[in-house]
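Structural features, examined
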Amino acid sequence: MAINVKFVGALRHIAGKSKMVIDCLEDFSVKVLIQKIIIEIPAIKTNIINQQFDGAVKTNSLIIVNDREISVLNGLDTLLADGDEVVFIPVVHGG
């Protein structure tokens, strides 16, 4: 099973590439995909997720699965299937 991953904006610079393919033997969640990406690209961790003091994981980027933001799916527990495309878009805050 192959998941197509794309990085946009600053995430592309941090990752050192705009695309990658993550292989897995079975269906897995967006959360597991993020863990696999962090193993391959440790520097991207804090730009994708933020581990809270209460143990909750918050996203620091928009995560799009097949053109739908994960908040309208099942969040980080959204299951991925062979051929899915996951896009990470950095969120910029200002004020």
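Scroll up a little and you will see the structure.
What this report covers is the structure whose coordinates are included nearby. (Residues numbered from 1 in each chain as written. Predicted model: local features only at pLDDT ≥ 70, side-chain atom pairs only at ≥ 80, totals over all residues. Heavy atoms only, no water.)

Evaluated as defined, the whole model comprises 1 salt bridge. For Lys-6, the salt bridge goes to Glu-85, with nearest N and O atoms at 3.0 Å. In this pair, Lys-6 sits in strand 1 (residues 2-7) while Glu-85 sits in strand 9 (residues 85-90), placing the two residues 79 residues apart along the sequence. Residue Glu-85 is classed as partly exposed on the basis of its relative accessible area, which comes to 23%. (Salt bridge = Lys/Arg side-chain N within 4 Å of Asp/Glu carboxyl O. Helix = DSSP H or I, 4+ residues; strand = E, 2+ residues; numbered from the N terminus. Buried < 20%, exposed > 50% of the residue type's maximum accessible area, 1.4 Å probe, protein only.)

Take helix 2 (residues 30-40) next. Taken together, the buried positions of helix 2 are occupied by Val-30, Leu-33, Ile-34, Ile-37 and Ile-38. Looking down the long axis of helix 2, one finds its buried residues gathered within 140° of arc, a one-sided arrangement. (Arc of directions from axis to C-beta.)

In short, shape yes, function no, at least from these values alone.
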